[in-house]
Amino acid sequence: EEYNEKHDHIITRILSEIEKLPPRSQEIMLAVFVDGLKYREVAEKYHISLSTVKTLLGNAVRKLKKELGAEGLSIFLFFFRIKIRYYYQRALYE
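Since we're looking at a predicted model, the values are computed, not measured.

Asker: In this structure, what is going on with the packing of helix α2 (residues 23-33) against helix α3 (residues 39-46)? I would like to understand it.
Answerer: When two helices pack together, their arrangement is given by the angle between the helix axes and the distance between those axes. The geometry of α2 relative to α3 is characterised by a closest axis approach of 10 Å and an angle of 135° between their N-to-C directions. It follows from the interaxial angle that α2 and α3 lie oblique. For the element pair α2 and α3, the recorded crossing hand is right-handed. Within the contact between the two elements, α2 uses Arg 24, Glu 27, Ile 28, Ala 31 and Val 32 and α3 uses Tyr 39, Val 42 and Tyr 46. Its residues assigned to classes, the contact of α2 with α3 comprises six nonpolar, no polar and two charged.

Take a look at the structure:
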């Protein structure tokens, strides 16, 4: 239970930090990590260059790393596709 509560807290914090990102960075991050799109697919979807996708995603990940620390970022990368999808969708309907 403690493990789940700790990770739930971190995931909630990750979502909070994602919401602080610029809207375009949020879209790119969610397209890559939640929707599982490849960078080229994201570029086509949003009508931007591949280098812009890489830049926006890189900046977003660096910002998360700065705000969450190494442990938070590691958990983000590991759990994002598993649990964040659930939390993100749940937050949309609350």
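Asker: Honestly, the environment of Gln 26 in this entry has me stumped. Any pointers?
Answerer: Residue placement: Gln 26 occurs in helix α2. Between the alpha carbons of Gln 26 and Leu 56 there is a distance of 9.0 Å; along the sequence they are 30 residues apart. Residues in contact with Gln 26, not counting those within four places in the same chain, are Ile 18, Glu 19 and Leu 21.

Asker: For this particular structure, what's the right way to read the pattern of salt bridges?
Answerer: Once their charged atoms are close, side chains differing in charge can pair, the charge on each being opposite to the other. Across all of its chains, the model carries three salt bridges by this definition. Here Lys 20 and Glu 17 are joined by a salt bridge, their closest N and O atoms 3.2 Å apart. Here Glu 17 and Lys 20 lie together in helix α1 (residues 2-20), a separation of three residues that amounts to about one turn. Residue Glu 17 is classed as buried on the basis of its relative accessible area, which comes to 8%. Here Glu 67 ties to Lys 63 by a salt bridge, and the two come within 3.6 Å at their closest N and O atoms.

Asker: I'm lost on α3 in this one. Help?
Answerer: Structurally, the α-helix is built with 3.6 residues per turn, so residues lying three or four positions apart point the same way. Those residues of α3 that fall on the buried side of the exposure criterion are Val 42, Ala 43 and Tyr 46. Mapping the buried residues of α3 onto a view down its axis gives an arc of 100°, with all of them on the same face. Opposite its buried face, α3 presents the exposed residues Arg 40 and Glu 44, each directed more than 90 degrees away. Immediately beyond the C-terminal end of α3, within one or two residues, lies His 47, with a positive phi of roughly 55°.

Parameters and conventions
- Residues numbered from 1 in each chain as written.
- Predicted model: local features only at pLDDT ≥ 70, side-chain atom pairs only at ≥ 80, totals over all residues.
- Heavy atoms only, no water.
- Axes fitted to C-alpha atoms, helices over the stretch in contact; angles between N-to-C directions.
- Helix = DSSP H or I, 4+ residues; strand = E, 2+ residues; numbered from the N terminus.
- Parallel < 35°, antiparallel > 145°, perpendicular 65-115°, else oblique.
- Left-handed = near helix turned anticlockwise from the far one by under 90°.
- Contact = heavy atoms within 4.5 Å.
- Nonpolar A, V, L, I, M, F, W, Y, C, P; charged D, E, K, R; others polar.
- Salt bridge = Lys/Arg side-chain N within 4 Å of Asp/Glu carboxyl O.
- Buried < 20%, exposed > 50% of the residue type's maximum accessible area, 1.4 Å probe, protein only.
- Arc of directions from axis to C-beta.

Coordinates in, geometry out; function isn't part of it.
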